[in-house]
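# A closer look at the structure
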Amino acid sequence: MGAQASDIIIGAGIGGLSAALRLAHAGRKVTVLERHGAPGGKLRTLPSALGPVDAGPTVLTMRPVFEALFADVGESLSDHLTLTPQRILARHYWPDGTVLDLDADPAQSAANVEAAFGTRARDDFLRFSRRAQRLYDGFDAPMMQAAQPSLMQVAGRVLRDPGLARAMAPMRSLAGMLRQEFAEPRLAQLFGRYATYVGGSPYASPAILGLIWHAESQGVWRIEGGMHRLAATLARLAEARGAEFHYGADVTGIEFASGRACTVRTATQTHQATSVLFNGDPNALRTGTLGPEARHAVPARATLPRSLSANVLAFAAKAEGPALAHHTVFFNSDPEAEFRALARGETYPDPTLYICAQDHGISAPPEGPQRFEIIMNAAPCPADAPPSSQMDQTTCLTIIRDTLSRHGLRLTPAPGADALTTPQMFNHLFPQSHGSLYGRSPHGMMAAFARPTARTRLPGLYLAGGGAHPGAGLPMATLSGRHAAEAILTDRTSTSPSRPMVMPGGMSTASATMAPAPSRSSDS
């Protein structure tokens, strides 16, 4: 048993790392318990002949979120990570041979759309881009950046700007709004895919998710050495400020005294806690994985229904065929049929595939083998689902190979089962997640208000990560860590006679407030 209580963080995903760094910088004693062997959570890698391959998030957007995190702890992002901006945000192929690059230069993107689809499509694209910017500008501060969602404040924001209500298209799905926005169905398909960034179907997700396009249009960056370097850097900086990390530490329970979280147990240790921050899927709390008392931390509507999952391949191979960008999408010809199959829990035989060419995005791609990550959307699985069978894995690999072959892309050697992570495997990696990579589903206009916030129903127990407000994705998980750290510092100050801590950014916890403000509909 530790001699001194500390802020215990369960899980070293990006949300937990963001909170650990901020709390340690504020002078708190911080202990991080991570069941896996390295930090990062879903920001993970698999081995290959060319070195680690990213097998999680591939896109760094909303760079100011990360610059703010480093600045708040007296550091500079550029001193620790080399970020290379991508001129081509993403390359898109359709079965009929059409190709479209979305470019970091908005004028070039518009020109590319015109070259591929004509002048009306260009005009539609420019109008939609303005709409996406209006949505982003309208809801960034009161939703993404705020700690607590407030429907009243959202309503007030919209009442002050009636045009914002029209841009939201509150009675339409994202797909429905895009059908009206674009005469060209392939552009509607392209921007509908952004719903999958937060684990949703464009046919059931709210139209407000169109704002994701503006977030991506502001820049996409490649991290030199791989995306996992971000997690390693945050862990190192937190350790330099006194945070202790314990890897291979599988937490078995959270205990309470006088109604407050006070103890965290692993199979071999007991840790006394001044606060407990859970950086895992909140569904694990609700289902009793961490003890009977923790079941009351969040209501069922905060974790159900579940978001989409994915089949993910991470491997090294030589690619022959269509030219790849760092981020490339191969579309199918019937997106609605694919999402209907996913809604039924089925595997669609002709999916849209996303490929990250990890070694692209620099001066020139290598001529020989290089590292790839392929993502194919999949339905979530039951929490008690058995491990993936060899037949399931073979079927998945065959579908991906055949789909790429139809687009003319050949990989040598073809990736095998050792490179594959299925929804069932994700459920094992992240307990009680159902393999859902994005927490609660974003479907429905009120989904954002159902997502749990940093403070749970139980004193002393907090949440961070993609399953908490403001949602999934690296920027949103990073913001969730900020919200959690501020809540912990504020709550401890209000209940303790000890001197105020200095929060990141120089604010004293004695004067810090957690101003309630609305959550956004989902994250980018």
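Residues numbered from 1 in each chain as written. Predicted model: local features only at pLDDT ≥ 70, side-chain atom pairs only at ≥ 80, totals over all residues. Heavy atoms only, no water.

Per-residue confidence for the protein chain gives a mean pLDDT of 92, with 93% of residues at or over 70. Note on residues 497-524: pLDDT is under 50 here. Beyond four places in sequence and across chains, it has 87 contacts. (pLDDT = per-residue confidence, 0-100. Contact = heavy atoms within 4.5 Å.)

For the structure shown, the criterion picks out 27 salt bridges. Ionic pairing is found between Glu67 and Arg63, a salt bridge with its closest N-O pair at 3.0 Å. Note that Glu67 and Arg63 are positioned in helix H2 (residues 63-72) at a spacing of four residues, about one turn of the helix. (Salt bridge = Lys/Arg side-chain N within 4 Å of Asp/Glu carboxyl O. Helix = DSSP H or I, 4+ residues; strand = E, 2+ residues; numbered from the N terminus.)

Where burial is concerned, most of strand E15 (residues 353-357) is hidden: five out of the five residues are buried. Neither face of E15 is left uncovered, since the one carrying Leu353, Ile355 and Ala357 and the one carrying Tyr354 and Cys356 both have all their residues buried. One ladder, built from four bridges, connects strand E14 (residues 327-330) with E15; its direction is antiparallel. Bridged to Phe330 within E15 is Leu353. Summarising the sheet, E15 and strand E16 (residues 370-378) pair through five bridges and their orientation is antiparallel. Residue Ala357 lies in a different strand from E16, and its bridge partner there is Phe372. (Buried < 20%, exposed > 50% of the residue type's maximum accessible area, 1.4 Å probe, protein only. Pairing = 2+ DSSP bridges.)

Checked against the element boundaries, Ala267 lands in the loop between strand E11 (260-266) and strand E12 (270-278). Overall, Ala267 belongs to the exposed group, its relative accessible area being 71%. Leave out the neighbours within four places in its chain, and Ala267 touches Asp250 and Thr252.

Below, the discussion takes up the environment of Asp101. Secondary-structure assignment places Asp101 in strand E7 (residues 99-103). Take Asp101: its relative accessible area is 17%, and that puts it in the buried class. Along the chain, Asp101 and Asp54 lie 47 residues apart, while their C-alpha atoms are 23 Å from each other. Non-local contacts of Asp101, meaning those with residues more than four positions away in its chain, are made with Ile88, Ala90, Arg91 and Asn112. Only 2.8 Å separates the side chain of Asp101 from the side chain of Arg91, close enough to count as a polar contact. (Polar contact = N/O pair within 3.5 Å; in protein donor to acceptor, adjacent residues only side chain to side chain.)

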